[in-house]
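# Commentary on secondary and tertiary structure
Each chain, letter by letter, is given below.
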Amino acid sequence: LLSSTTSVSVMVETAAGCTATETLDMFLNEITSPGNIGQASSTVCVGEIPPAFTNVASATGLGTISYQWQSRTYGTNFTNVSVSATTQVYTPTSSVNTTTFYKRLAYSNYGGKQCEQSSNIIQIGISSPPITGLQAQGGAITAQDTVTLCTGESITFNATGGGVEFLFYLDDIPVGVRSGSSILTTNTLITGSRIKVESFNALGCSSFSPEIEVQI
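For the structure given in this document, a descriptive report is provided here. Per chain, residue numbering runs from 1 following the sequence as it is written. At least 70 in pLDDT is required for a residue's local features to be given in this predicted model, at least 80 for side-chain atom pairs to be given and counted, and no such filter applies to totals for whole chains, interfaces and linings, which use all residues. With hydrogens and water excluded, all non-hydrogen atoms of the structure serve as input to the side-chain values.

## Description of the overall build of the protein chain
Scanning the protein chain from terminus to terminus reveals 0 helices and 22 strands. A radius of gyration in this sense is built from C-alpha atoms; the matching globule rule multiplies 2.2 Å by the number of residues raised to 0.38. Over its C-alpha atoms the protein chain spans a radius of gyration of 32 Å, topping by over 25% the 17 Å that the globule rule assigns to 216 residues. By principal-axis analysis of the C-alpha atoms, the protein chain measures approximately 125 × 25 × 20 Å. Only heavy atoms matter for contacts: two residues are in contact if any of them lie within 4.5 Å across the pair. For the protein chain, the share of sequence-separated contacts (at least 6 apart) that also reach a separation of at least 24 residues comes to 60%. Per-residue and other accessible areas were derived by the Shrake-Rupley procedure at a 1.4 Å probe size, with only the shown protein chains allowed to occlude residues. By element, 52% of the accessible surface of the protein chain is carried by carbon and sulfur atoms, the whole surface being about 11900 Å². A positive count includes Lys and Arg, and a negative count includes Asp and Glu. His and the chain ends are not counted in either. By convention, the point assigned to a charge is CZ for Arg, NZ for Lys, CD for Glu and CG for Asp. Distance from the positive charge centre (7 side chains) to the negative charge centre (14 side chains) of the protein chain: 3 Å. Runs of E in the DSSP output that reach at least two residues are strands. Runs of H or I that reach at least four are helices, and both are numbered from the N terminus.

Right under this line is the structure:
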């Protein structure tokens, strides 16, 4: 077992005392550490691009070190990421819609031989947003319905779908700020006013409800 670069020499001597020597140099190429990668977030919203992967520790070896980033999903093999990524760090450019695994290959090139080892593997999970709905008048009206009101009449809208925070919109303009209240009560609507709500899960992933339109 070769544990270091070694030279092996063979000397041949004839009966007359003549000698000849041949030397074979055997070069050891080895990755002494494949390095480690890091990630600020282990979960992203569906359809979101993961944050950049960091270099926790560089690979080390006896040769010239180079890198290649790879990814896979459940039931598939690791393949090179779609955009060339051959440095210590990697910034994804594509969104993910299912749990995806990432790793970094380290190559050591020395003496005409390439050795390869893999870093740790990082799993990026997916968080789906709530399925947001919108009701009015105690559930009598459901988006995308139209509700008819008298001038100055008060109406209460309530979000459905299980979010933890909510932001209501009037004609695509936010009403107030995002909060834990799933209810909006108002008496200032006019004909053509459109109300919708955006609901968020605990990780901030969100979706919009259909709209309820107002007629006076």
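Structure's up, so let's keep going.
## Quick look at the nonpolar core
Residues enter a nonpolar core if they are buried and are Ala, Val, Leu, Ile, Met, Phe, Trp, Tyr or Cys, with the set joined through side-chain atoms within 4.5 Å. Buried residues are those whose accessible area, probed at 1.4 Å on protein chains only, stays under 20% of the maximum for their type, while exposed residues exceed 50% and partly exposed ones sit between those limits. One finds Leu134, Phe157, Phe168 and Ile212 to be the most contacted residues of the largest nonpolar core, which totals 17 residues. Looking at this core, the elements that each hand over two or more residues are β13 (133–136), β16 (155–160), β17 (165–170), β20 (194–200) and β22 (212–215). Broken down by element, the residue count for this core peaks at 3 residues, all from β16.

## Thoughts on the packing of aromatic side chains
Classification of ring pairs rests on two measures: the distance between centres of Phe, Tyr or Trp rings, Trp counted by its six-membered ring, which must be within 6.5 Å, and the angle between planes, read as stacked under 30 degrees, edge-to-face over 60 and tilted in between. Here the structure, examined in full by the defined rule, presents 7 aromatic pairs. Ring geometry for tyrosine 90 against tyrosine 102: centres 6.3 Å apart, planes inclined by 40°, an arrangement best described as tilted. Taken together, the residues tyrosine 90 in the loop between β9 (79–80) and β10 (100–110) and tyrosine 102 in strand β10 connect sequence positions 12 residues apart. An aromatic cluster of three or more residues is present, and its members are Phe53, Trp69, Tyr90 and Tyr102. Above the plane of the ring of phenylalanine 101 lies arginine 72, whose end atom (NZ or CZ) is 4.5 Å from the centre. Ring-over charges, as used throughout, are those where CZ of Arg or NZ of Lys falls within 6 Å of the ring centre and within 35 degrees of the ring normal. Here the basic side chain of arginine 178 rests over the ring of phenylalanine 200, its NZ or CZ set 3.8 Å away from the ring centre.

## Looking at the state of the cysteines
In this description, the term disulfide denotes a pair of cysteine sulfurs within 2.5 Å. Tallied over the entire structure, the rule returns 1 disulfide. The disulfide partner of cysteine 45 is cysteine 205, and the gap between their sulfur atoms is 2.0 Å. Residues cysteine 45 and cysteine 205 share a disulfide whose torsion about the S-S bond is about -95°; that sign makes it left-handed. Note that cysteine 45 is positioned in strand β5 (residues 43–45) and cysteine 205 in the loop between β20 and β21 (206–208), a separation of 160 residues in sequence. Across the pair, cysteine 205 and cysteine 45 agree in class, each one buried.

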